[in-house]
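Coordinate inspection notes
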Amino acid sequence: MADRKNLREFQARLSERLRQAASGPAQAARLGVQIGDRRLLIELSEAGEIVATDGAVTPVPLTHDWFKGLVNLRGSLYGVSDLARFEGGTFTPATKETRMVAFAPRLNLNGAILVDRMLGLQNVSTMTEDESTGSSGQPWLGRGWVDEQGKHWTELSLERLAGDERFLAVSR
C-alpha cells in the first residue's frame, strides 16, 4: 500500500513539474528517459500519461515480439511497444523503475512505449549540441546533446515514431 501511495505522490509531483515546465520558457524542457543504455529526450507536448507497468499488459497473439500487448489506461486501450526490442536490441526488463510513456492525445495514437526508467525533466538550453550523436538512420531519433555532466542525450520524437509504418504494423 505504501508503494502505491509513493507512486501516486511521485506521479503528482512529476505532473506538476511537467505543467510548470510547459508554461515556462518554450522548448527548453524535455522529459528525460532511459531505454537500454541510451538517454533520450522527449518533447513534453508529445508525452501523455506516465504509468508503472505493474504487469498490467495483456499479450496479443500473432504480433511481433516487440509489441507487448494492450493496457487499459483510464478506460481506453493502449498498445504497448518495447522500443528497445523494436530497434533490434534486447527486451526492456520489468523492474520497479520500468514505466510506460503514453503518446499524447494530439498524436492520435493510443500507444505507449516502455522505458527502463524516468530521468526527470532536462533543460536543453543548458546542453550543447553533439554532432556525433543522433539518429543512426532512425527517423524518430533526432539531434544529440551533451549535458553539463558530460552525459550524452538523443532526441526521441514520439510524433515521428507514431507515423512510422513499421512501428504501426504490429502483426506478424
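Please read all numbers here as calculations on a predicted model, not as lab measurements.

**Notes on the overall build of the chain**
- Looking only at helices and strands, the chain features four helices and 11 strands.
- Relative to its full complement of 172 residues, the chain shows a buried share of 44%.
- Of the contacts made within the chain by residues no fewer than 6 positions apart, 55% connect residues no fewer than 24 positions apart.
- Here the chain displays about 9600 Å² of accessible surface, and carbon together with sulfur accounts for 50% of that area.

**A short note on the packing of aromatic side chains**
- Summed over all chains, the structure comprises five aromatic pairs.
- Their ring planes at 70 degrees and their centres at 4.8 Å tell us that Trp 66 and Phe 86 sit as a pair that is edge-to-face. With Trp 66 in the loop between strand 3 (47-52) and strand 4 (67-73) and Phe 86 in helix 2 (residues 83-86), this residue pair connects regions lying 20 residues apart in the sequence.
- A relative accessible area of 6% means that Trp 66 is categorised as buried.
- Through a chain of ring-to-ring contacts, the aromatic side chains of Trp 66, Phe 86, Phe 103, Trp 140 and Phe 167 assemble into a single cluster.
- Its guanidinium or amino end placed over the ring of Trp 153, Arg 39 lies 5.4 Å from that ring's centre, counting from NZ or CZ.
- A cation sits over an aromatic face here: Arg 85 above Phe 91, 4.6 Å from the ring centre.

**Let's talk about the side chain of Arg 99**
- With respect to the helices and strands, Arg 99 occurs in strand 6 (residues 99-103).
- On the basis of relative accessibility, which here comes to 12%, the residue Arg 99 falls in the buried class.
- Within the structure, the side chain of Arg 99 is placed 2.9 Å from the backbone oxygen of Lys 96, a separation counted as a polar contact.

**Observations regarding the sheet that holds strand 10 (residues 141-146)**
- On the basis of which strands lie adjacent, the open sheet formed by six strands has the order 8-1-2-11-10-9 and mixed pairing. Because the sheet does not close on itself, it has two edges, and the strands there are strand 8 (117-123) and strand 9 (128-130). Ignoring which end each strand starts from, the neighbouring axes of this sheet average 35 degrees apart.
- Taken together, the three bridges between strand 9 and strand 10 define a ladder with antiparallel strand orientation. Residue pairing in the sheet places Thr 128 in a bridge with Val 146 of strand 10.

**Brief notes about the nonpolar core**
- By size, the foremost hydrophobic cluster in this structure holds 28 residues, and its most contacted members are Val 101, Ile 113, Leu 156, Leu 158 and Leu 161.
- At the level of secondary structure, the elements contributing two or more residues to this core comprise strand 1 (29-35), strand 2 (38-43), strand 3, helix 2, strand 6, strand 7 (111-115), strand 8 and helix 3 (158-162).
- Residue contributions to this core peak at four residues, all from strand 1.
- If we skip the residues at most four places from it in the chain, Leu 158 touches Ile 42, Glu 46, Ala 47, Val 101, Ala 102, Phe 103, Leu 107 and Ile 113.
- Counting nine residues, the second-largest nonpolar core is a separate cluster that includes Val 51, Val 71, Leu 73 and Ala 112.

Calculation rules
All residue numbers here refer to positions counted from 1 along the written sequence of the relevant chain. This being a predicted model, a pLDDT of at least 70 is required before a residue's local features are given, and a value of 80 or more before pairs of side-chain atoms are given or counted; all residues contribute to the totals for chains, interfaces and linings. The basis for every side-chain value is the complete set of heavy atoms in the structure, and neither hydrogens nor water enter the calculation. Secondary structure elements are defined from DSSP: runs of H or I of at least 4 residues count as helices, runs of E of at least 2 residues count as strands, and each element is numbered from the N terminus. Each residue is assigned to one of three classes by its accessible area relative to the maximum for its type, calculated with a 1.4 Å probe on protein chains only: buried under 20%, partly exposed between the two thresholds, exposed over 50%. Should any heavy atoms of two residues lie within 4.5 Å, those residues are considered in contact. Surface accessibility follows the Shrake-Rupley procedure with a 1.4 Å probe radius. Residue values consider only the protein chains on display as shielding. Aromatic rings from Phe, Tyr and Trp, taking only the six-membered ring of Trp, are treated as a pair when their centres fall within 6.5 Å; an angle between ring planes under 30 degrees marks them as stacked, one over 60 as edge-to-face, and anything in between as tilted. Criterion for a charge above a ring: Lys NZ or Arg CZ within 6 Å of the ring centre, and within 35 degrees of the ring normal. Counting of polar contacts relies on pairs of N or O atoms within 3.5 Å, with two restrictions inside protein: one atom must be capable of donating a hydrogen and the other of accepting it, and residues adjacent in sequence are counted only when both atoms are side-chain atoms. Here, a strand pair is defined by DSSP locating no fewer than two bridges between the strands. Every angle, taken between N-to-C directions, lies between 0 and 180 degrees, and every axis is a line fitted to C-alpha atoms, over only the stretch in contact when it is a helix. Put simply, a nonpolar core is a bunch of buried Ala, Val, Leu, Ile, Met, Phe, Trp, Tyr and Cys residues held in one set by side-chain atoms that sit within 4.5 Å of each other.

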